[in-house]
Each structure stands twice: as structure tokens, then as C-alpha cells.
Amino acid sequence: MIKRVFLIILDSFGIGNAPDAASFGDEGSNTLGTIRSSDKFCCPNLKKIGLFNIDGVGGGTDSPAGSFARLEEKSAGKDTTIGHWEIAGLISRSPMPTYPHGFPDEIIAEFERLTGRKTLCNKPYSGTEVIKDYGRQSMEEGSLIVYTSADSVFQIAAHEDVVPVDELYKYCEIARKILTGKNAVGRVIARPFAGEYLFYRTPRRHDFSLTPPENTMLDLLKNDGFDVISVGKIYDIFAGKGVTESHRTVDNDDGMNVTIELQKRDFRGLCFVNLVDFDMKYGHRNDVDGYASAMTAFDKRLGEFVANMKNDDVLIISADHGCDPGTPSTDHSRECVPMIIYGNSIKSGVNLGLRATYADISATILDAFGVDKANTAGKSFLCEVKK
């Protein structure tokens, strides 16, 4: 019997070769391939449970402890929201809007009217560069820095000494209400920063996502009486829909601390974890060694987690998209992602091959708990891996 599933998403940990990568401008991107070339990369625990046995990765062990697959994305996009929704059984057939030339004047004008503050920038920008270039002016004027990226996001940056974080969150809620219909971006993101001369982003980021338009794995589990515990930004990505308990985190290490503490609790259901540092701190900043070091640090915590697993626990590790730090782009990349499943009740060494959608994860988890999965996407692989 499976009592608990821990689903850990390594945000942006792609493994390359998405068949439609060229149509997204990402041909040749391979996040794992890039960081693996760094001497900072050392992941024996991931190797042990099967990461390198996945088709197309290479360098695996003769006796992987877990089972594994390579997952393609079926949704029309490569961003965090769409990726997580697909993992949870909801495929997005249409891409969310993006703004390569900035947001329309009417959107900015309405936002300024409702917040009572002037805005700066309004163009795609690196999050670290935008506060370097506009931070001082924003502080002096009390204005808000509004910017976007290649993803479907409306980001608002402000200095915490000028705009208190709670007030910045209210401005994000205003933007979220404005950005509907054809302008319904995937996420409005609060990006507070601090510093006197050298500005830096603080850990009080907060995402205001669209509400999933249909029920996901989270709703189905909750409606059947299971616990659905979110760690990191999972609550934000699903706008709280289907979550029974939420834990915010400040970084990957904090996320693993929370997850390992939750292992000690007696609950029945899903613990859904997002570790965002890979994407936010390293992928978008093209920091190959930083990304590799973060994976090495996670691998050490993974060893601790595995040692604490109970007989009726299952661990699934996957990702929501890629963000290859070795390409000129600083944006997400359209890649396949890994899926590793491990536990006392799971067979070792089963190669599930290439799967057509991330949603196979959702179908498998619902199957494990005996919850009707008919109204969600994906095909369960539980019967192939369960002992």
C-alpha cells in the first residue's frame, strides 16, 4: 500500500532533445548536459536511483534503485505554470500571452491609475539587471519597475524601504485583476529588492498565478479526503486550488528542510515540492557552475531524504521545463524532463522509455491512491513499476 507520495520538482532541470525545441528557438538546449560538464557537478544519489539511466542521458549504473522515464511536454508553452499544471494532469492547448515589446499602454495606464504610482521600464529584462538599471530612479520617485521576459509574466519590482512588501503584494493583486482575457498572463510576480548602492533581490518574492481552469490532481486528491501539502511556490502556481496545507520557503535548502520535517509527520496523500533556485538563481543567470553546485547540494539532501523514507512512501523527482545556462538565452528552454520513481513498493530498474506527456505523473499518483483519474490527462505507469 502507498500512503504518501513526495513529488519533488527540480525547477528547470531539463534533459534536452524535445522534438519541437526548434519551434521554440531552443534547438540544442540541454540543461543537464550543460551543468554535467562542470567540475562542481557530483550527484551520486541521483545516479543510484536512475537519473543517468534515462534514455538519451548516458552514464547510468548497472543496477538503478528506482525506475525512470523521459517525459515530453504536450502543452503549448515552456513556462512554470503550464509545466506544473501539466504535471498535475491539465494540458494547456493554447500558449499564455507574452509581451516581447512590453505591455500595452492601456494596461500600464490602468495599473498606474489603480496603484497611484508611476511605472518604469515596461520591457523584457533580466531581473538582476533591471534593478541595477532602474533601482535608483525607482527609489527616488517611489515608482514601480514593471518588466517581463520571454515567459508569460508581469513582474513588479520595488525597494522594500520605499514600498513595503505587503503593499507590493497588493499592487500585484491589482495587476492580477487587470490581466484577464487576452492579457491573462500566467503569473504576476512580486520582486522586492533591497540594498543601498548594490541592489539585490530579497527572498520575499511572491507569485500570483491564474487559477487552473479545470480540476487537477490536487483537487481530485483533496476532494477524496487526501492531504495535499505544498512546499515552495506550488501553492502560488495553483492559486491555492486543491491545496490543504502550504509551506513557503526561501531557498532550496529551506525547501528540503521543510520536506524532511514533513517526512516525520503522519499524513496520507501528496507532498508536492518545488525547488526554485535552479531556475531563478542559476538558469536565468547563465551560471553553469552555480547550477551544478546547486544540484550537488540537492543530491546530498536527497541522500538524507531517502534514508528517512518509510516503507509506504514513494518519491518522484521531475521538472517543469528547461533553462539551459550554457546558451546565449537567459529564458526557459523547451526540453524533455526526467522522471524518477523510487520506494520500497517500486520495482528497480524499469525503463519506462519516452512518455508523451508530463501528465503521466498525475495519472500514476491518482492511480496509487485509488482516485478516479478519468477527467485528467495522462496515462498511469503504476502497473509497470509497482511490486
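Above this note sits the structure.
Keep in mind that this is a model prediction, so the values were computed, not measured.

K.L.:
When you look at the overall build of the protein chain in this model, what are you seeing that I'm missing?
P.N.:
When its secondary structure is counted, the protein chain shows 13 helices and 14 strands. Against the compact-globule benchmark of 21 Å for 387 residues, the protein chain has a radius of gyration of 20 Å, which places it among compact chains. Residues classed as buried in the protein chain amount to 60% of the 387 residues present. Nonlocal contacts in the protein chain, meaning residues at least 24 apart in sequence, comprise 68% of its contacts between residues at least 6 apart. In the protein chain, 44 positive and 54 negative side-chain charges are present, and the distance between their average locations comes to 3 Å.

K.L.:
What should I look at first to understand the pairing of strand β13 (residues 337-343) in this one?
P.N.:
The two faces of a sheet get side chains in turn, since along a regular strand they alternate between them. With six of seven residues buried, β13 lies mostly within the body of the structure. Relative to β13, strand β2 (residues 67-71) is paired through five bridges, and the arrangement is antiparallel. By the bridge assignment for β13, Arg70 is matched with Pro338. Where strand β12 (residues 313-318) lies against β13, four bridges are found, and the strand directions are antiparallel. Opposite Ile317, over in β13, you have Ile340 as the bridge partner.

K.L.:
Quick question: what am I supposed to make of the layout of surface pockets here?
P.N.:
Rolled over the atoms, a probe as big as a water molecule pinpoints where empty space is left. Roughly 630 Å³ of volume is contained in the largest pocket. In this structure, the largest pocket is lined by 33 residues; those nearest its centre are Thr202, Pro203, Arg204, Arg205 and Met280. Those elements that provide at least two residues to the lining of the largest pocket are α5 (127-141), β6 (187-194), β7 (200-201), β8 (206-209), β11 (269-275) and α10 (277-283). Ranked by the residues each element gives to the lining of the largest pocket, the list is headed by α5, at four residues. Per-class residue counts for the lining of the largest pocket are 12 nonpolar, seven polar and 14 charged. Among the elements that take part in the lining of the second largest pocket, β6 stands out by supplying three residues, more than any other. For the lining of the second largest pocket, the class distribution of residues is seven nonpolar, 10 polar and nine charged.

K.L.:
Sorry if this is basic, but what is going on with the sheet that holds β12 here?
P.N.:
Pairing between the strands of a sheet is mediated by backbone hydrogen bonds and can be parallel or antiparallel. In spatial order, the strands read β10-β9-β11-β1-β12-β13-β2-β14; together these eight strands make up an open sheet with mixed pairing. The two strands at the open ends of the sheet, each matched to only one other strand, are β10 (245-247) and β14 (351-355). The mean inter-strand angle of the sheet, taken between neighbouring strand axes irrespective of direction, is 15°. In this sheet, β11 lies alongside strand β9 (residues 227-231) in parallel orientation, the contact comprising five bridges. Bridging across to β11, Ile229 finds its partner in Cys271.

K.L.:
I would appreciate a short explanation of empty space enclosed by the protein in the present structure.
P.N.:
With the rule as written, the count across this model stands at one cavity of 30 Å³ or more. For the lining of the largest cavity, the secondary structure elements donating two or more residues are β12 and α12 (360-368). No other element matches the three residues that α12 contributes to the lining of the largest cavity. Class assignment for the residues of the lining of the largest cavity results in nine nonpolar, one polar and no charged.

K.L.:
Before we go on, may I ask you to explain the packing of aromatic side chains in this structure?
P.N.:
Two descriptors summarise a pair of aromatic rings, namely the distance from one centre to the other and the angle between the planes of the rings. What the rule picks out here adds up to 13 aromatic pairs. Their ring planes at 75° and their centres at 5.1 Å tell us that Phe6 and Phe305 sit as a pair that is edge-to-face. Here Phe6 is found in strand β1 (residues 4-10), whereas its partner Phe305 is found in helix α11 (residues 288-307), with 299 residues between them in sequence. Seen in terms of ring centroids, Phe193 and Phe199 are 5.4 Å apart; in terms of plane orientation they differ by 70°. Their pairing is edge-to-face. In this pair, the class of Phe193 matches that of Phe199, namely buried. An aromatic cluster of at least three residues, connected via ring pairs, comprises Tyr99, Phe103, Phe111 and Phe154.

K.L.:
In this structure, what is going on with the pattern of salt bridges? I would like to understand it.
P.N.:
Between side chains of opposite charge, a pair can form when the charged atoms approach closely. With the rule as written, the count across this model stands at 23 salt bridges. The salt bridge involving Arg4 is made with Asp313; its shortest N-O contact spans 2.8 Å. In this pair, Arg4 is assigned in strand β1 and Asp313 in strand β12, connecting sequence segments 309 residues apart. A single burial state applies to Arg4 and to Asp313, both of which are buried. Put simply, Asp236 and Arg248 hold a salt bridge, and the shortest N to O gap is 3.2 Å. Of the two residues, Asp236 sits in helix α8 (residues 234-237) while Arg248 sits in the loop between β10 and α9 (252-263), which places them 12 residues apart along the sequence. For Asp236, a relative accessible area of 6% translates into the label buried. Overlapping salt bridges, with partners in common, bring together Asp20, Glu73 and Arg334 in one network.

K.L.:
Sorry if this is basic, but what is going on with the pairing of strand β5 (residues 153-159) here?
P.N.:
Of all seven residues in β5, seven are buried; the element is thus mostly enclosed. Burial of β5 is two-sided: the residues Val153, Gln155, Ala157 and His159 facing one way and the residues Phe154, Ile156 and Ala158 facing the other way are all buried. The pairing of β5 with β6 spans seven bridges and is parallel. Paired with Val153 across the strands is Arg187, a residue of β6. Each parallel crossover has a hand, and for β5 linked through helix α6 (residues 165-178) to β6 it is right-handed.

K.L.:
Sorry if this is basic, but what is going on with the nonpolar core here?
P.N.:
It is characteristic of soluble globular proteins that their nonpolar side chains tend to be buried jointly. Of all hydrophobic cores here, the largest spans 83 residues; its most connected members are Leu7, Met217, Leu221, Phe272, Met295, Phe298 and Ile365. Top contributing element to this core by residue count: α11, with seven residues. Residues Val146, Val165, Val188 and Phe208 belong to the second largest nonpolar core, which totals 23 residues.

Reading the values: the criteria
Residues numbered from 1 in each chain as written. Predicted model: local features only at pLDDT ≥ 70, side-chain atom pairs only at ≥ 80, totals over all residues. Heavy atoms only, no water. Helix = DSSP H or I, 4+ residues; strand = E, 2+ residues; numbered from the N terminus. Rg over C-alpha atoms; globule rule 2.2 N^0.38 Å. Buried < 20%, exposed > 50% of the residue type's maximum accessible area, 1.4 Å probe, protein only. Contact = heavy atoms within 4.5 Å. Lys, Arg positive; Asp, Glu negative; His and termini not counted. Charge placed at Lys NZ, Arg CZ, Asp CG, Glu CD. Pairing = 2+ DSSP bridges. 1 Å grid on protein atoms, 1.4 Å probe; cavity = no way out; pocket = protein on both sides within 12 Å on 5 of 7 lines; lining within 4 Å. Points joined across faces, edges and corners; volume = space filled by probe spheres on them. Nonpolar A, V, L, I, M, F, W, Y, C, P; charged D, E, K, R; others polar. Axes fitted to C-alpha atoms, helices over the stretch in contact; angles between N-to-C directions. Phe/Tyr/Trp six-rings, centres within 6.5 Å; stacked < 30°, edge-to-face > 60°. Salt bridge = Lys/Arg side-chain N within 4 Å of Asp/Glu carboxyl O. Right-handed = clockwise from strand over helix to strand, strands pointing away. Core = buried A, V, L, I, M, F, W, Y, C linked by side-chain atoms within 4.5 Å.

Nothing here speaks to function; it is geometry throughout.
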